[in-house]
Amino acid sequence: MTKPKVAFYWCASCGGCEEAVIDLAEVVLDVVEAVDIVFWPVALDFKISDVEALADGELAASFVNGAIRTSEQREMVELLRRKSGAVVAFGACAWLGGIPGLANLSSRESILDYVYHEVPSMQDGNGVRPQEETDVPEGRLRLPHFDEDVRTLDQVIDVDYYLPGCPPPPSLIAQAVTALVEGKLPEKGSVLAPDVALCAECPRAGTKPEDLKVERFHRPYEIVADPETCLLAQGLVCLGPATRSGCDAVCIAANMPCTGCMGPTSRVLDHGAKALSAIASLMQTQEQEEIAALAEQLVDPVGTFYRYSLPASLLHRHVAPDGARAEVEADGATPVGASTRGGGGS
Amino acid sequence: MPETFEPTIVAFFCNWCTYIAADLAGTSRTKYAPNTRVIRVMCSGRVDPQFVLGAFARGADGVLIGGCHPGDCHYQQGNYNALRRFELLRRMLRDMGIEEERVRLEWISAAEGHKVQAVCNEMTEQVRALGPLRLVTPPRVEADGDVGTPEPAAELAGRVTS
């Protein structure tokens, strides 16, 4: 019997998802026993031509982690899509955009400006910025195109399944691989994790007050959190009420609030909006000024509520990042956004 | 563009007060800007922040929420929850580049038809002065692999409704 062939690939990600596969520990041996890994650039020496040589659909599954930001990433996932029976968006970045997705708060131009010209560690040079094509005596060199925005995997190719988490917990990875090998995968489009909020499996659920109210919000460094009590009840912004479970509450066990990496449950369209709603409702006061003051205590609401999901959100990106404002002004409309975002000046 | 631009404002009105006030404005033959598209909800507390973002994503240039005055909520606490969510949402939208004038929460009782008129007119003018929202929505990928190019949400919404 031939073993199902699988591929692993990474896009805009940190490498933590690859680490998660290694974190399967001895279970990884069972995985290798059950499937034939034919492409895994981070760990094994295969070439793109090896993938191109496969028949369309020959791969049982491709596990793709990371968000999509460059032409190279788009080409690779399109290739893997053609060659795969199933594509699994592996981890928060591939599913929702993840941490790299927060780059959607800045324009492409302001990112390149900052990284190549303004970053403090940059020496005053000749203002060189990498070009997509450069002619050298040996021929023409090409770099991938850096896209205007960060996209989720399913904004670029058709995706069959999603494995949530930053990175996905080993238990969920093992379950997904087992389901794949046994041909017991659920309905297309499923998120391969429990579909209830984290509070349902939180070890501190018993200490969550019946009528939970917050008088002020704290950031984790501002207080020493009690290791037994519900973190929301202590004024920490814990996204447990609005985030999918399946992570065994590892952050809570480390006395840190949930930051939402497991994404929303299936009933939620926009994770950040739902998380914002859950947290806002906890405010003790009814007075408008006090409520506004409490809202100001959250120094970075976008980064708090959309930490892993900005590209997948309803708004997708900042309405007018620096570069886009020039275009808006050129059209004669009122410039959008009074304050500048991102590193670059306007 | 500001001369010809007609903003679309989605208004979520509470069943027990603001919606009746809008009704009163109508039966009193009170004229106000036709840019407001009213959606009746049972309570301003029912307005999930997803509704507001969804309205923007589908082409709205502004979103208005109308609820009962503090202390008058038919469900006791609903309008206070609306206020809590609204203040935090407004704070967040600021960081997303959406101007404060594009989202508004007003307490309008069933007797205040004139306030519906004043608020709708004022907000229409403010949003008209700001111009279109110009949100760019992410593309949709079809099962056959076709990727649409991103297009302004307003155009998308126009195509859906036409």
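Everything quoted here is computed from the prediction, not taken from an experiment.

Reading the values: the criteria
Residues numbered from 1 in each chain as written. Chains lettered and ligands numbered in written order. Predicted model: local features only at pLDDT ≥ 70, side-chain atom pairs only at ≥ 80, totals over all residues. Helix = DSSP H or I, 4+ residues; strand = E, 2+ residues; numbered from the N terminus. Expected span 1.5 Å × (residues − 1). Buried ≥ 20, exposed ≤ 12 C-beta atoms within 10 Å, placed from the backbone. Contact = placed C-beta atoms within 7 Å. Core = buried A, V, L, I, M, F, W, Y, C linked by C-beta atoms within 7 Å. Domains from an automatic or database assignment. pLDDT = per-residue confidence, 0-100. Nonpolar A, V, L, I, M, F, W, Y, C, P; charged D, E, K, R; others polar. Pairing = 2+ DSSP bridges. Axes fitted to C-alpha atoms, helices over the stretch in contact; angles between N-to-C directions. Parallel < 35°, antiparallel > 145°, perpendicular 65-115°, else oblique. Left-handed = near helix turned anticlockwise from the far one by under 90°.

Glancing now at helix 4 (residues 71-83) of chain A. All names here are of chain A. Look at helix 4: 19 Å from first C-alpha to last across 13 residues, which is about the 18 Å you get at 1.5 Å a residue. Among all positions of helix 4, only Gln-73, Met-76, Val-77, Leu-80, Arg-81 and Lys-83 are buried. Its buried side turned inward, helix 4 meets strand 1 (5-10), helix 3 (48-52), strand 3 (59-65), strand 4 (68-70) and strand 5 (84-90).

Counting residues in each nonpolar core, the largest one holds 142 residues, and the members touching the most others are Val-64, Ala-89 and Leu-163 of chain A together with Phe-56 of chain B. Here the element with the most residues in this core is helix 3 (residues 78-95) of chain B; it accounts for eight residues. Split by domain, the residues of this core number at least three in each of domain 1 (5-97 + 152-181) and domain 3 (198-305) of chain A. Setting aside chain neighbours within four positions, we find Ala-89 of chain A in contact with Val-64, Ala-94, Trp-95, Leu-153, Asp-154, Val-159, Tyr-162 and Leu-163 of chain A.

All names here are of chain B. Per-residue pLDDT for chain B has a mean of 88; in total, 83% of the residues score no lower than 70. Low pLDDT, under 50, characterises residues 149-162; the stretch is placed with 22 contacts to residues that sit more than four places away or in other chains. The ipTM assigned to the predicted complex is 0.88, against a pTM of 0.88.

This next bit is on the interface of chain A and chain B. Contact with chain A, which involves 40 residues of that partner, is made by 38 residues of chain B. Only helix 9 (271-280), helix 10 (288-297) and helix 11 (301-305) of chain A provide two or more residues apiece to the side of chain A that touches chain B. Its residues assigned to classes, the side of chain A that touches chain B shows 21 nonpolar, ten polar and nine charged.

As a further point, take the environment of Asp-23 of chain B. Position of Asp-23 of chain B relative to the elements: it lies in helix 1 (residues 18-27). Owing to 16 C-beta atoms within 10 Å, Asp-23 of chain B belongs among the partly exposed residues under this scheme.

Take the sheet that holds strand 3 (residues 62-67) of chain B next. Residues and elements named next belong to chain B. Spatial ordering of the open sheet is given by 2-1-3-4, a layout of four strands whose pairing is parallel. With partners counted over all chains shown, the strands left at the sheet margins are strand 2 (36-41) and strand 4 (103-107), one partner each. Taking the axes of each pair of neighbouring strands and ignoring which way they run, one obtains an average angle of 20° across the sheet. Pairing of strand 1 (residues 9-14) with strand 2 involves six bridges; the strand directions are parallel. Looking at strand 2, one finds that Phe-12 is bridged to Ile-39. Contacting strand 1, strand 3 and strand 4, helix 2 (residues 49-57) crosses the sheet at an angle of about 150° to strand 3. Against the sheet, helix 3 touches strand 3 and strand 4, its axis set at about 160° to strand 4.

Turning our attention to the domain arrangement of chain A. Residue and element names in this part refer to chain A. Along its sequence, chain A is organised into domain 1 (5-97 + 152-181), domain 2 (107-147) and domain 3 (198-305). In this assembly, eight residues from domain 1 lie in contact with eight residues from domain 3. Examining the composition of the side of domain 1 that touches domain 3, we find that three residues originate from one element, helix 5 (residues 92-96), more than from any other. Per-class residue counts for the side of domain 1 that touches domain 3 are seven nonpolar, one polar and no charged.

The subject of this paragraph is the pairing of strand 3 of chain A. Within a regular beta strand, the side chains point alternately toward one face of the sheet and then the other, so they alternate between its two faces. All names here are of chain A. Most of strand 3 is tucked away: six of the seven residues are buried. Where strand 1 and strand 3 come together, five bridges link them in parallel fashion. Residue Phe-8 lies in a different strand from strand 3, and its bridge partner there is Phe-63. Strand direction decides the pairing type here: strand 3 and strand 5, joined by six bridges, are parallel. When the sheet's bridge partners are listed, Ala-61 is paired in strand 5 with Ala-86.

Looking now at the packing of helix 2 (residues 27-34) of chain A against helix 7 (residues 170-181) of chain A. Residues and elements named next belong to chain A. The interhelical angle for the contact between helix 2 and helix 7, taken along N-to-C directions, is 20°, at an axis separation of 11 Å. Between helix 2 and helix 7, the angle falls in the class roughly parallel. In this structure, helix 2 meets helix 7 at a crossing whose hand is left-handed. Of the residues in helix 7, those touching helix 2 at Val-27, Val-31 and Ala-34 are Pro-170, Ala-174, Val-177 and Val-181.

Once that is clear, we can look at the pairing of strand 7 (residues 139-142) of chain A. All names here are of chain A. Examined bridge by bridge, strand 6 (residues 133-136) and strand 7 share four bridges and lie antiparallel to one another. Note on strand 7: the bridge partner recorded for Glu-133 is Arg-142. The loop that links strand 6 with its antiparallel partner strand 7 comprises two residues.

Before going further, it helps to spend a moment on the sheet that holds strand 9 (residues 161-163) of chain A. Residue and element names in this part refer to chain A. Taken together, the five strands give an open sheet; going across it, the order is 2-1-3-5-9, and neighbouring strands pair in parallel fashion. Sheet topology places strand 2 (36-39) and strand 9 at the edges, where each strand pairs with a single neighbour. Taking the axes of each pair of neighbouring strands and ignoring which way they run, one obtains an average angle of 30° across the sheet. Across the face of the sheet, helix 7 comes into contact with strand 3, strand 5 and strand 9 while running at roughly 155° to strand 9.

Glancing now at unusual backbone geometry. For the bond running from Cys-166 of chain A to Pro-167 of chain A, omega is -5°, close enough to zero to count as cis. Tracing the backbone shows Pro-167 of chain A in the loop between strand 9 and helix 7. The phi dihedral of Ala-249 of chain A falls on the positive side, at around 50°, and the residue is not glycine. What makes Ala-249 of chain A partly exposed here is the crowd of 18 C-beta atoms within 10 Å. Of note in the backbone geometry, Arg-134 of chain B takes a positive phi value of approximately 60° without being a glycine. In this structure, Arg-134 of chain B sits in the loop between helix 4 (113-130) and helix 5 (153-161).

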